[in-house]
Amino acid sequence: MTEHIQCRKLSDRDPRLPLLADKVLAKARVGERIGDRWLVPTLWRGVRLPREAAWQMPFVVKSRHGCGHVCVVHNDADYRTALRRSRRWMAGRYGRWLDEWLYGEIELGLLVEPFLGKGFTLPLDYKLFVFGGRVRYVQVHLDRATNHRWIVFDLEWHRVSQPVAELDPVPPVSLPQMIVAAEELGRDFDFVRADFYEIDGHPLFGELTFYPGSGLEPLEPASLNEAMGAWWSAVRKDQSLVEYQ
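Residues numbered from 1 in each chain as written. Predicted model: local features only at pLDDT ≥ 70, side-chain atom pairs only at ≥ 80, totals over all residues. Heavy atoms only, no water.

Caption draft 1: Seen up close, the sheet that holds strand S5 (residues 125-131). Across the sheet, which stays open at both edges, the five strands sit in the order S7-S6-S5-S8-S9 with antiparallel pairing between neighbours. On the outer flanks of this sheet lie strand S7 (149-153) and strand S9 (202-209), each paired with one strand and no other. Direction aside, the axes of adjacent strands within the sheet are offset by 25° on average. The pairing of strand S6 (residues 134-142) with S7 spans five bridges and is classified as antiparallel. Note on S7: the bridge partner recorded for Val 138 is Phe 153. (Pairing = 2+ DSSP bridges. Helix = DSSP H or I, 4+ residues; strand = E, 2+ residues; numbered from the N terminus. Axes fitted to C-alpha atoms, helices over the stretch in contact; angles between N-to-C directions.)

Caption draft 2: Seen up close, the packing of aromatic side chains. Taken as a whole, this structure holds 12 aromatic pairs when the rule is applied. Consider the rings of Phe 59 and Tyr 79, whose centres lie 6.0 Å apart with planes at 70°: the pair is edge-to-face. Taken as a pair, Phe 59 in strand S2 (residues 59-63) and Tyr 79 in helix H4 (residues 76-89) lie far apart in primary sequence, 20 residues in all. For the pair Phe 59 and Tyr 79, one class covers both residues: buried. An aromatic cluster of at least three residues, connected via ring pairs, comprises Trp 44, Trp 55, Phe 59 and Tyr 79. The ring of Trp 231 is capped by Arg 136, whose NZ or CZ atom sits 3.8 Å from the centre of that ring. (Phe/Tyr/Trp six-rings, centres within 6.5 Å; stacked < 30°, edge-to-face > 60°. Buried < 20%, exposed > 50% of the residue type's maximum accessible area, 1.4 Å probe, protein only. Lys NZ or Arg CZ within 6 Å of the ring centre and 35° of its normal.)

Caption draft 3: The arrangement of the nonpolar core in detail. Residues Met 1, Leu 128, Phe 131, Phe 196, Phe 210 and Met 228 are the most contacted members of the largest nonpolar core, which totals 47 residues. Counting residues per element, this core draws most heavily on helix H5 (residues 175-186), which supplies six residues. Residues in contact with Met 228, not counting those within four places in the same chain, are Met 1, Phe 129, Phe 131, Tyr 137, Val 152 and Leu 219. If you look at the next biggest cluster of nonpolar residues, it comprises 13 residues, including Tyr 79, Leu 83, Met 90 and Leu 110. (Core = buried A, V, L, I, M, F, W, Y, C linked by side-chain atoms within 4.5 Å. Contact = heavy atoms within 4.5 Å.)

Caption draft 4: A look at unusual backbone geometry. For the bond from Met 57 to Pro 58, the omega torsion is 0°, close enough to zero to count as cis. Mapping Pro 58 onto the fold places it in the loop between strand S1 (44-46) and S2. Put simply, Glu 220 and Pro 221 share a cis peptide bond, and its omega is 5°. Inspection of the secondary structure assignment puts Pro 221 in the loop between S9 and helix H6 (222-244). Positive phi is not limited to glycine here, since Asp 99 has a value of about 60°. Examined against the element boundaries, Asp 99 turns out to sit in the loop between H4 and strand S4 (110-114). Look at Asp 200: it is not a glycine, yet its phi comes out positive at around 55°. We classify Asp 200 as exposed; its relative accessible area is 67%.

Caption draft 5: Focus on the pattern of salt bridges. Overall, the coordinates contain 19 salt bridges when judged by the stated rule. Between Arg 187 and Asp 188 there is a salt bridge whose closest N-O contact spans 3.7 Å. Judged by its relative accessible area of 36%, Asp 188 falls in the partly exposed class. Ionic contacts of the salt-bridge type, sharing partners, join the residues Arg 8, Asp 12, Asp 190 and Arg 236 into one network. (Salt bridge = Lys/Arg side-chain N within 4 Å of Asp/Glu carboxyl O.)

Caption draft 6: Highlighting the environment of Leu 25. Mapped onto the elements of the fold, Leu 25 is located in helix H3 (residues 25-34). Residues within four places of Leu 25 in sequence aside, it is in contact with Leu 19 and Arg 64.

Caption draft 7: Geometry of helix H1 (residues 2-11). When we look at burial in H1, the residues that qualify are Thr 2, His 4, Ile 5, Arg 8 and Lys 9. End-on view of H1: buried residues confined to an arc of 160°, all on one side of the axis. Opposite the buried face of H1, at more than 90 degrees from it, the exposed residues are Glu 3 and Leu 10. (Arc of directions from axis to C-beta.)

This is how it looks when you write it as structure tokens:
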């Protein structure tokens, strides 16, 4: 899997990738495919945050052109932090240092969204791995603000990542809906990761990712890395046969 991601970074110049990774443009395109009810509202977008927060706290500040550019604002001190970070985000193109081509094709910008968590707790993040339009794995991210860790499940909700002592989280109520949506969004690609949240039982779209972990984040055990890569290889082989025929 990690080798396929490196190959995509170095050689895949599909012009659709930047459009779907752009956190502003992606909402319109995703809304057309699966409906606006899946979208997190955009409270504001621009290139420079105002000096004073203009939205009811809490809210989230993101860049449209980067990965990991997120700042949750609960109070004035958090907003000052967001101001500083956003200036750094806007100072240059993201992704050059890891050869992540598509981010360099996205217009620089910022956006503000409502905070989806409760209190200071971030919502669980469900990341669906879609190979050739079929979901094969669900990665669940836990405690992203404090003790970030993730678990990977197959579609039977059996853990396929490293065993740990803690109990597995139960599958989200809306998982079947997430799977249908992810497969619709991913049916035109050999691989994409589609990210979702579940808020009060309702699924919401997060983002589409074409370079998960930049292909450098360890997928353990090694058998999981190989199994994911095998699904990707099988899709590419099938596509090659269709093109040949």
